[in-house]
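Report on the structure
This is what each chain is made of:
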Protein chains: 6
Amino acid sequence: MLERSFYNILGFDKSYTESRIVVFGAPFDGTTSYRPGARFACSAIRNESYSIETYSPYQDKDLEDIFVFDAGDLELPFGNAEKVLCQIEAFTAGILKDGKIPLMLGGEHLVSLGAVRAAVKFHKDLHIVHFDAHSDLRDEYLGETLSHATVMRRCWDLVGDGRISQFGIRSGSRDEISWGREHVHTCFFNFDELDHIADALKDKPVYFSVDLDVLDPSAFPGTGTPEAGGVTFHELLKAVEKASGLNIVALDLTELAPTLDPTGASTSLACKLLREVLLYVYK
Amino acid sequence: MLERSFYNILGFDKSYTESRIVVFGAPFDGTTSYRPGARFACSAIRNESYSIETYSPYQDKDLEDIFVFDAGDLELPFGNAEKVLCQIEAFTAGILKDGKIPLMLGGEHLVSLGAVRAAVKFHKDLHIVHFDAHSDLRDEYLGETLSHATVMRRCWDLVGDGRISQFGIRSGSRDEISWGREHVHTCFFNFDELDHIADALKDKPVYFSVDLDVLDPSAFPGTGTPEAGGVTFHELLKAVEKASGLNIVALDLTELAPTLDPTGASTSLACKLLREVLLYVYK
Amino acid sequence: MLERSFYNILGFDKSYTESRIVVFGAPFDGTTSYRPGARFACSAIRNESYSIETYSPYQDKDLEDIFVFDAGDLELPFGNAEKVLCQIEAFTAGILKDGKIPLMLGGEHLVSLGAVRAAVKFHKDLHIVHFDAHSDLRDEYLGETLSHATVMRRCWDLVGDGRISQFGIRSGSRDEISWGREHVHTCFFNFDELDHIADALKDKPVYFSVDLDVLDPSAFPGTGTPEAGGVTFHELLKAVEKASGLNIVALDLTELAPTLDPTGASTSLACKLLREVLLYVYK
Amino acid sequence: MLERSFYNILGFDKSYTESRIVVFGAPFDGTTSYRPGARFACSAIRNESYSIETYSPYQDKDLEDIFVFDAGDLELPFGNAEKVLCQIEAFTAGILKDGKIPLMLGGEHLVSLGAVRAAVKFHKDLHIVHFDAHSDLRDEYLGETLSHATVMRRCWDLVGDGRISQFGIRSGSRDEISWGREHVHTCFFNFDELDHIADALKDKPVYFSVDLDVLDPSAFPGTGTPEAGGVTFHELLKAVEKASGLNIVALDLTELAPTLDPTGASTSLACKLLREVLLYVYK
Amino acid sequence: MLERSFYNILGFDKSYTESRIVVFGAPFDGTTSYRPGARFACSAIRNESYSIETYSPYQDKDLEDIFVFDAGDLELPFGNAEKVLCQIEAFTAGILKDGKIPLMLGGEHLVSLGAVRAAVKFHKDLHIVHFDAHSDLRDEYLGETLSHATVMRRCWDLVGDGRISQFGIRSGSRDEISWGREHVHTCFFNFDELDHIADALKDKPVYFSVDLDVLDPSAFPGTGTPEAGGVTFHELLKAVEKASGLNIVALDLTELAPTLDPTGASTSLACKLLREVLLYVYK
Amino acid sequence: MLERSFYNILGFDKSYTESRIVVFGAPFDGTTSYRPGARFACSAIRNESYSIETYSPYQDKDLEDIFVFDAGDLELPFGNAEKVLCQIEAFTAGILKDGKIPLMLGGEHLVSLGAVRAAVKFHKDLHIVHFDAHSDLRDEYLGETLSHATVMRRCWDLVGDGRISQFGIRSGSRDEISWGREHVHTCFFNFDELDHIADALKDKPVYFSVDLDVLDPSAFPGTGTPEAGGVTFHELLKAVEKASGLNIVALDLTELAPTLDPTGASTSLACKLLREVLLYVYK
């Protein structure tokens with residue numbers, strides 16, 4: 001009899017039980033105010049990841065040696081952000097309960113809130129390390145409290161002062177930047193203070209959220225709100241390596257909007273970064 | 001002192017008070033399940049409409065002779081469909097209260113529900129004439145009752161049996177098509193029965209909703225869900241002419257997604273159709 | 001435990017054993033001389049087909065009621081056309097041996113030759129019905145005998161005079177058109193003689209090959225060699241309906257090149273046509 | 001020694017002396033008010049024409065049998081329309097003086113004026129047959145008398161009343177349409193009166209100008225100002241066949257803007273139409 | 001009564017009288033020899049600027065605190081460069097006469113000449129600081145003296161030797177580079193000598209012209225003539241900061257061609273740079 | 001009589017006899033496994049190169065002073081890699097036999113094998129210097145020994161251990177990287193060891209192969225397999241300068257896929273690099 005063969009992300013074919021990291025997609029961009037398209041990120045990564053080698057010359061490691069499960073994409077309703085977050089929270093909680101590390105592929109950045117909600121229930125002292133071009137600390141946006149522009153403020157509601165460390169930030173309203181100075185740690189434009197923060201967070205449970213628009217648009221134009229003046233792929237890779245020394249309990253990569261970059265280079269970069277992140281974080 | 005000059009849609013520069021039709025944009029596509037982008041339609045039409053002549057050789061009439069006000073676009077939140085509908089309903093009601101005809105430019109098709117809610121309060125015996133590729137009669141979609149795929153079912157909740165007439169329909173689930181046979185009038189694939197319906201609706205107040213994907217994708221690829229086998233521009237124009245004989249109290253053009261057609265031909269067609277619709281409907 | 005969910009083409013989830021039609025992809029465009037990209041057709045159809053309803057208002061039938069298996073895509077080497085054809089022939093033969101109908105999604109048109117080689121072994125009196133813009137009857141092209149431009153000549157090598165009927169042809173070299181007049185039946189520009197041919201072929205085993213560029217580029221620009229002056233979707237649908245009355249033992253849809261049409265309308269049309277073809281051919 | 005091989009348009013390799021038609025490009029779009037790009041038309045046709053067969057199944061004739069010279073493209077300055085027209089006039093006059101038929105590939109429609117200036121000097125009783133979506137009869141546009149929107153008015157300055165026959169017109173200002181009723185013959189929307197005009201013009205010297213935007217944007221989106229509601233490729237081909245019965249002394253194809261249609265179908269259609277025009281006009 | 005709301009550039013809503021900087025657009029690209037599209041820059045910046053925050057984390061300043069007027073775009077004829085320059089000169093002169101700083105958004109680089117003509121009448125000892133990939137010092141181009149490739153040579157006609165300082169130059173003909181060595185100051189490839197020049201020009205009135213193609217195409221591909229090897233956004237920002245210490249009496253940003261970069265990153269960068277330039281220059 | 005004028009690459013108009021470098025195109029991408037399109041590189045460079053100045057401010061040299069012949073593009077069959085290599089080998093051998101330096105423009109990287117086959121016959125002690133993102137050292141790929149992914153392994157078959165030096169490598173399978181450590185010299189990620197290698201190879205005959213995907217995708221997204229983390233244009237230019245000190249007997253630039261970068265920046269960079277390479281290598 002004929003056998004079907006479908007591509008998993010990066011060719012992962014390990015079972016759920018034996019895996020230590022579980023990758024899944026959250027194809028939602030329902031609050032994106034400017035240019036939608038992040039909903040297509042997880043399927044784009046799934047479709048294109050076969051073009052990436054499983055071997056990393058940066059780390060001299062191979063994905064074939066680690067145990068990762070690709071759980072596919074959630075089926076999320078549009079037009080109801082709260083319901084979407086509930087589904088993500090429930091799915092993430094299931095993975096955490098099984099003692100595994102969830103790695104969520106967005107979708108827009110708001111999806112992180114669903115996963116953080118789950119993580120904070122398992123780890124009362126959860127810290128968040130956040131790479132992004134935007135501080136995402138507004139209290140509301142266009143009258144809505146749930147938005148890609150408020151996601152870190154909503155996370156702050158859950159974890160409180162001093163628990164969120166942001167890097168690469170180069171955009172925000174005066175009010176949110178001002179609010180941020182009192183409630184979170186923000187490293188503007190780069191990762192200069194990451195070593196320092198990494199020391200301080202040693203052994204703390206960390207949620208690691210990478211909004212890919214932290215990258216310069218020259219390297220990553222395929223995102224809803226490109227912000228000139230970002231970091232290079234090399235700088236991001238270096239920072240991911242440092243962050244991977246933390247006790248990461250859950251993580252995400254968000255805000256790839258693949259159709260906005262017709263060259264495909266943004267999707268390709270995301271696939272490669274995913275490989276490196278997995279090899280760094282896997283222990 | 002210098003004077004600013006901005007383009008209004010089709011160059012409209014009449015005041016609100018003297019105008020009989022009020023055009024406004026509803027830039028929302030938050031429930032679009034497949035390919036978003038309809039949010040950009042009203043600004044695209046505003047930006048590109050200057051390339052269209054104000055004179056119609058089809059009708060030998062000129063927009064410069066009629067009184068239409070361009071009210072700009074609503075500022076709508078994403079991620080909360082119900083709130084969006086409330087805003088649209090309130091705005092539409094304001095226009096109706098002033099005895100004018102609202103012409104809403106979508107956005108996705110769900111925005112029609114907001115306007116229909118307003119119209120049905122002013123006209124208890126409201127009928128709906130609906131051009132579309134999709135019947136949009138599902139009761140829920142991905143668990144949500146407010147969706148571009150349920151919009152006509154929600155309208156039916158408001159107007160009841162026998163009040164909705166659909167034309168050009170060529171896609172739907174078996175269930176919704178089956179449900180539709182008992183509750184609405186559906187003319188599949190074309191406008192053949194429009195004459196007949198137009199006679200029956202004479203003098204009734206009519207909400208006229210044009211989902212532009214009723215057009216064949218060859219003429220109009222710039223839409224979220226292109227459906228092969230649609231009508232030509234000529235056929236649509238002919239049908240709009242017929243429909244304009246009705247007592248239209250409010251109307252809309254929805255589902256242009258301009259960035260999905262990089263040739264610009266879809267936006268250009270929408271601008272031209274808007275001109276013709278206005279000249280036909282204006283009395 | 002978590003369950004993976006991946007999209008099959010058009011949501012097919014029947015088993016191989018119970019299915020009567022087996023769909024598979026042949027992602028090869030290695031002899032395409034002008035604009036490559038047909039290799040991406042089967043994965044594009046797989047990814048986009050979820051946007052198409054399973055119900056056909058044309059036939060009042062639903063894919064959920066028929067038994068079709070999606071066997072995924074063959075993994076084909078590039079740069080060696082003969083080897084590719086061998087793989088396709090073997091795969092097709094396996095399906096035919098099990099008494100099922102293979103429906104191959106190209107790929108460029110040359111892939112048809114692999115499937116025809118298999119079919120002609122099972123059906124000595126095989127006829128070929130061929131919809132195409134190009135007659136594909138050259139004996140060689142740029143010195144090669146295996147090419148998208150020679151595929152029907154190579155099929156003729158297998159079946160001989162009077163066994164190939166072409167429809168919609170509107171391009172060819174003087175030599176191949178002239179050769180064609182003596183060896184195959186060619187209906188130029190349209191399907192006018194299809195009724196007549198359908199009568200003549202009653203009960204004969206037929207391989208049905210649809211090169212999608214038979215469509216006019218206005219409806220289907222996403223193909224390697226667009227040829228103005230083609231048929232409409234309606235005309236093709238009508239012709240497919242007629243052809244489905246034949247005793248079709250194997251079939252294919254080829255030459256969608258999805259990335260050449262950034263609007264996505266070509267891929268969407270191909271998905272819809274696939275649904276209609278399956279519902280017509282399934283008995 | 002190595003020999004260079006470059007593609008001429010449609011592979012023409014006849015010498016100037018033996019040729020009866022001379023094709024040349026006028027890559028100018030300097031007065032285009034909306035979307036420029038027509039300057040790239042002649043090089044696009046030259047680059048892509050190799051994908052078109054030299055044989056026409058419509059006429060059963062082959063380009064290899066006729067004598068046409070490809071003179072390459074003029075090198076035109078931008079920012080000075082009058083100078084451009086002088087260059088075109090001089091080049092066209094040279095061809096006419098040698099007793100050959102010039103076929104100019106635009107460029108925007110204004111380039112026709114340069115060629116008409118030359119033709120009217122050789123043929124005092126010149127008539128113009130003009131296929132277009134736009135009447136191009138304005139006296140000035142944005143303060144300029146030389147513009148793609150005034151080109152036929154400027155031609156009228158040269159030939160006077162009753163000498164210009166327009167077909168397919170579906171756009172214009174009220175003023176120019178009104179002016180046109182008294183000074184030119186305009187057939188709106190289609191070619192219905194072409195037979196009649198063709199009879200009337202028998203034996204008169206005719207300049208034949210085809211603005212390709214006479215085609216519907218579904219078939220030809222690659223043009224600066226797409227106008228919905230145009231003619232099909234079949235209808236245009238039929239009309240070209242009729243027009244070719246006239247005594248054509250010079251002709252042009254203008255307003256392809258190849259980069260505006262990323263599918264390439266517009267350029268491909270223009271190449272094919274060029275083949276048919278040449279085969280029809282060549283005697 | 002309903003109120004219209006249109007987006008001004010970056011949300012500017014101050015009156016002309018109270019403003020110190022006046023932004024206006026010069027949508028002209030009529031001499032662009034290679035790839036046109038700069039005409040669309042000012043409307044693209046106007047449409048997209050709402051996606052940029054008004055607050056700058058680089059300068060800790062906010063556009064809401066400064067007084068800038070958006071005067072909209074000039075309506076310029078195409079095909080007549082001299083007339084275009086006259087309109088720009090007149091408009092710029094009006095602003096200068098009112099004691100305000102004009103900031104012109106191109107259009108192609110030739111538009112700078114119109115503004116420089118105005119500025120040199122108000123400031124006899126005007127200096128020009130010029131960021132660009134191309135030296136633009138040709139005396140004529142394709143026979144024309146007014147061209148994007150001659151604009152700095154025409155400015156030199158007005159200001160004479162030693163008054164033009166160019167930075168970032170990495171392209172030119174041998175002749176113009178050679179001519180430049182004797183008449184202007186050219187800093188190749190970077191801004192290394194900007195400090196030195198800034199000292200020398202202290203208190204002199206300066207026209208500051210930024211041709212955005214000084215940026216590397218990786219950051220800014222949306223321009224008519226991309227030149228590899230340019231500066232980064234960070235480097236440009238740093239240089240703009242330095243230049244803003246000068247006595248700038250008028251300035252421009254030119255050569256964004258938004259449709260050439262379908263990712264939108266080029267337009268987005270231009271919007272952000274405009275914010276930074278305004279906040280730096282405003283005093 | 002009229003004279004035809006066609007663009008040669010970079011305007012080269014010297015005769016074959018007097019030239020010392022011969023440029024030709026090898027438009028083949030038949031083994032490309034992921035995204036085809038490199039076949040269009042040589043014609044894109046030919047068409048766009050006129051937008052590049054002939055003068056280099058980097059070297060203060062001008063193409064007009066050197067003798068280079070543009071031999072046009074080979075006409076290669078698709079679907080038969082071995083035959084393609086034979087044609088390339090024969091063509092290259094002809095140039096080498098005449099004592100000239102062949103510079104081949106790909107095409108995919110496999111085309112290098114044809115030229116290396118020719119070069120190794122003329123220079124038994126040939127060394128290969130190879131800039132690339134991918135090591136291309138697989139022994140077979142999808143069952144094929146001739147592939148863009150095996151090209152350097154096939155070259156090794158010809159030259160043996162210690163003769164291949166790779167730079168910029170950042171992707172490969174574990175097996176090929178491991179194999180490479182024993183048989184070739186690989187400098188990962190950058191050109192750090194190029195000085196060292198250049199010393200060692202002094203006077204040896206060198207084949208210089210530049211796979212343009214060695215560049216970072218931010219600068220060069222127009223390639224089949226973009227790999228994040230590459231070198232900048234400046235770094236590549238520096239490395240080319242160093243390599244040009246070697247005794248280069250033949251060279252190539254491969255893997256530009258122009259249609260994959262709709263901004264045109266990749267093609268423009270390739271044209272500029274070609275100018276610099278020619279000016280560096282020419283002696």
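The structure reproduced in this document is the subject of the present report. (Residues numbered from 1 in each chain as written. Chains lettered and ligands numbered in written order. Predicted model: local features only at pLDDT ≥ 70, side-chain atom pairs only at ≥ 80, totals over all residues. Heavy atoms only, no water.)

Some details on empty space enclosed by the protein
The method is simple in principle: a probe with the dimensions of a water molecule rolls over the atoms, and the space it marks as empty is what remains. Rules: Any residue with an atom within 4 Å of a point lines the site, the site being either a cavity, points on a 1 Å grid over the protein atoms alone where a 1.4 Å probe fits but cannot get out, or a pocket, an open set with protein on both sides within 12 Å along at least 5 of 7 lines. Grid points are joined across faces, edges and corners, and a volume is the space filled by probe spheres set on the points. Any residue that is not Ala, Val, Leu, Ile, Met, Phe, Trp, Tyr, Cys, Pro, Asp, Glu, Lys or Arg is counted as polar, Gly included; the first ten are nonpolar and the last four charged.
In total, this model carries 18 cavities of 30 Å³ or more according to the counting rule given. Reported here for the largest cavity is a volume of approximately 220 Å³. If you go around the largest cavity, you meet 22 residues; those closest to its centre are Pro221(B), Ser218(C), Pro221(C), Ser218(D) and Pro221(D). Of the voids in this model, the second largest cavity is the one considered here, and its volume is about 180 Å³. The wall of the second largest cavity is formed by 21 residues, among which Pro221(A), Ser218(E), Pro221(E), Ser218(F) and Pro221(F) lie closest to the centre. Of the residues assigned to the lining of the second largest cavity, the class counts are 12 nonpolar, 6 polar and 3 charged.

Looking at the interface of chain A and chain E
Our working definition: Throughout, a contact is declared for two residues whenever any of their heavy atoms are within 4.5 Å. Using a 1.4 Å probe, buried area is obtained as the accessible area two parts lose upon being combined, added over both of them. Salt bridges are counted wherever a side-chain nitrogen of Lys or Arg sits within 4 Å of a carboxyl oxygen of Asp or Glu. For the purposes of these results, a polar contact is taken to be a pair of N or O atoms within 3.5 Å, where, inside protein, one atom must be able to donate a hydrogen and its partner to accept one; residues adjacent in sequence count only when each atom of the pair is a side-chain atom. Here a strand is any run of E in DSSP of at least two residues, a helix any run of H or I of at least four, and the numbering for each starts at the N terminus.
Counting from both sides, the interface comprises 24 residues of chain A and, opposite them, 22 residues of chain E. Of all residues in chain A, the largest losses of buried area upon contact with chain E belong to Tyr34(A), Arg174(A) and Ala228(A), amounting jointly to 32% of the total for that side. For the pair chain A and chain E, the interface holds 4 salt bridges. Summed over the shared surface of chain A and chain E, the result is 8 residue pairs in polar contact (both at pLDDT 80 or more). When residues in the side of chain A that touches chain E are grouped by element, the largest group, 4 residues, is from helix 5 (residues 174-183) of chain A.

Some words on the sheet that holds strand 6 (residues 127-131) of chain F
Residue and element names in this part refer to chain F. In plain terms, the rule: Two strands pair under a simple rule: DSSP has to find at least two bridges between them. A fitted line through C-alpha atoms represents every axis, and for helices the fit uses only the stretch in contact; the resulting angles, taken between N-to-C directions, go from 0 to 180 degrees.
Spatially, the 8 strands line up as an open sheet ordered 4-1-5-10-9-6-7-8, and their pairing is parallel. Of all the strands in the sheet, just strand 4 (68-73) and strand 8 (185-188) have a single pairing partner and so form its edges. When strand polarity is set aside, the average angle formed by the axes of neighbouring strands in this sheet is 15°. Relative to strand 8, strand 7 (residues 164-169) runs parallel, the two being bridged by 4 bridges. Bridge pairing links serine 165 to histidine 185 in strand 8. In this fold helix 4 (residues 151-159) packs onto strand 6, strand 7 and strand 9 (205-211), with an angle of close to 160° to the strand it touches most, strand 7.

Concerning the relation of the copies chain A and chain B
Going by this rule: What sets the superposition is a least-squares fit of C-alpha atoms, and only residues with pLDDT of at least 70 in both copies go into it.
For the pair chain A and chain B, the best superposition has an RMSD of 0.0 Å and corresponds to a rotation of 180° with a translation of 0.0 Å parallel to the axis. Considering both components of the superposition, the chain copies are consistent with a two-fold axis. Of all interface residues in chain A, 100% are interface residues in chain B too; the two copies therefore contact each other through one and the same surface.

Regarding the state of the cysteines
For clarity, the cut-off: Note on terminology: disulfide denotes any pair of cysteine sulfur atoms within 2.5 Å.
Scanning the entire structure with this criterion turns up 0 disulfides over all chains. Lacking any disulfide linkage, Cys271(B) is separated from the closest cysteine sulfur, that of Cys42(B), by 12 Å.

Considering the sheet that holds strand 8 (residues 185-188) of chain B
Residue and element names in this part refer to chain B. Overall, parallel pairing links the 8 strands, which are arranged 4-1-5-10-9-6-7-8 in an open sheet. Every other strand in the sheet has two partners, leaving strand 4 (68-73) and strand 8 as the edge strands with one partner each. Within this sheet the neighbouring strands show an average axis-to-axis angle of 15°, counted without direction. Note that strand 1 (residues 21-26) and strand 5 (residues 101-106) share 6 bridges and pair parallel. If you follow phenylalanine 24 over to strand 5, its bridge partner there is methionine 104. Docked against the sheet, helix 1 (residues 41-48) engages strand 1, strand 4 and strand 5, running at close to 130° with respect to strand 4.

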